[in-house]
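# Chains, contacts and geometry: an overview
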Amino acid sequence: MGCRSHHAKGDGRGVNRDEPGEIEHETRVVQAGRRAEWTQGIVNPPVWRASTILYDSVADLRAAGKRNDRHQLFYGRRGTPTQWSLADALTELEPGAEGTLLFPSGVAAIASVLLAVLSPGDELLLPDSSYDPTRSLGGGLLARMGITTRFYDPMIGAGIAEMIGERTRAIFMESPGSLTFEVQDVPAIVAAARARGIVTLLDNTWATPLLFPAIARGVDYTILACTKYIVGHSDVMLGSVTAGPGRYEALRAATYQLGQCVSPDDAWLGSRGLRTMALRLKAQGAAALQIAQWLKAQPDVARVLHPALPDCPGHDVFVRDFAGGSGLFSFMLEGGDEAARAALIDGLAHFGIGYSWGGFESLALPVDPQHHRSATRWQAQGPLVRLQIGLEAADDLIADLDAGLARFRAAR
């Protein structure tokens, strides 16, 4: 259920696709994917639910099987205008992209694109700061297929060239890391990979293409857990992979062979969330930075891991490459143990306790990076807490954290 960019003017959406820089992100997320032939004069494309597609004749059925099925009804698994609309919109957000495919979760997107580019005997390079389900793919499914995974220091930059071996076929990046927020030097890694013909993949969920346009920076495949900022309401599981030039067909073939597809209802909710993403991302990013700066000044906080702060690993790269920050970061407590950290989190009034992020509500989560490292060593003065900052008033969230730090002191 994908879509490929036509890169042509006058396609009925009011967007000059040959010159993507002419309009702002806020305009693009509102207009993208709303083709006139899909909306029929309605603001939002309707929900097209389908499994069987009917044909007028056997000849038409045979012809459909031979067509390039981009934006052509064929069978429900390959999508309807509801899914195509969201996929098309995500392609438009990545200048230079060839096309996007949708998946039922971010993990499904990661697994599918890795299977599209790797074969038995190949080697994958994975940053040591990777999201745990991504690490699990390396030691689980990929290992069973005879694919080797080697982990690297996320701050390696151009030094990745020294790790590329004869069997290395892909380099995966996650920037910043979603627990410890190291910002990778993506352009340097991409340059080293291209010099050796290696495929590059980036989990860009934290930044989205609004803050880091990955395809324009040379990444071959950019991945989003659309569950987060695209959907924005903590009620849909959804993922996407956007392919750079010449990379779409391999992704589409693997996706179809794996039978990956997305409910039109979920795709519709993803499109609905997308329309407000630019505003939500801006508000959540501003509040997160305000709260991070407040935390940095607290005596019970040893360190704040937010890419916009100078002491966060890769801050210089963040300033160079990113258009801003999002709403997710971590802070390290000054001493204390699991019980003291739990006392802080359990009593929070405005933060839920739960996984995921990118929704409208704030969350607090205890995280333990030391359990997810093999190439580097995690050292910390105290336990780590990850915060997802939602759309509540920043002052209310600060007051809540202030009371939480008081509980931490009492329990420490």
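Scroll up to find the structure.
The shown structure was predicted, so the numbers you read here are calculated from the model rather than taken from an experiment. (Residues numbered from 1 in each chain as written. Predicted model: local features only at pLDDT ≥ 70, side-chain atom pairs only at ≥ 80, totals over all residues. Heavy atoms only, no water.)

Our next topic: the sheet that holds strand β11 (residues 352-353). One open sheet accounts for five strands, arranged β9-β10-β13-β12-β11; its pairing is mixed. Each of the sheet's edge strands pairs with one partner strand only, and the pair in question is β9 (301-305) and β11. In this structure, β9 lies alongside strand β10 (residues 328-333), joined through four bridges in antiparallel fashion. Across the sheet, the residue bridging to V304 is F331, located in β10. Across the sheet, helix α14 (residues 338-346) is in contact with β10, β11, β12 (363-367) and β13 (384-388); its angle to β12 comes to roughly 170 degrees. (Pairing = 2+ DSSP bridges. Helix = DSSP H or I, 4+ residues; strand = E, 2+ residues; numbered from the N terminus. Contact = heavy atoms within 4.5 Å. Axes fitted to C-alpha atoms, helices over the stretch in contact; angles between N-to-C directions.)

Now for the packing of helix α5 (residues 106-117) against helix α6 (residues 132-139). Packed helices, taken two at a time, are described by the angle between their axes plus the distance between the axes. Contact geometry for α5 and α6: axes closest at 10 Å, N-to-C directions at 35 degrees. Classified by chirality, the crossing of α6 by α5 is right-handed. In this structure, α5 contributes V107, I110, A111 and L114 to the contact, and α6 contributes P133, T134 and L137. Residues of the contact of α5 with α6, tallied by class, amount to six nonpolar, one polar and no charged. (Left-handed = near helix turned anticlockwise from the far one by under 90°. Nonpolar A, V, L, I, M, F, W, Y, C, P; charged D, E, K, R; others polar.)

Looking now at the packing of aromatic side chains. Tallied over the full model, the rule gives six aromatic pairs. Ring centres of W206 and F322 lie 6.2 Å apart, and the angle between their planes is 70 degrees; this geometry places the pair in the edge-to-face category. Residue W206 is located in the loop between β6 (199-203) and α9 (208-211), and its partner F322 is located in the loop between α13 (315-321) and β10; the two are separated by 116 residues in the primary sequence. Of the two residues examined, W206 and F322, each falls in the buried class. One residue, R135, lies across the ring of F151, its end atom 4.0 Å from the ring centre. (Phe/Tyr/Trp six-rings, centres within 6.5 Å; stacked < 30°, edge-to-face > 60°. Buried < 20%, exposed > 50% of the residue type's maximum accessible area, 1.4 Å probe, protein only. Lys NZ or Arg CZ within 6 Å of the ring centre and 35° of its normal.)

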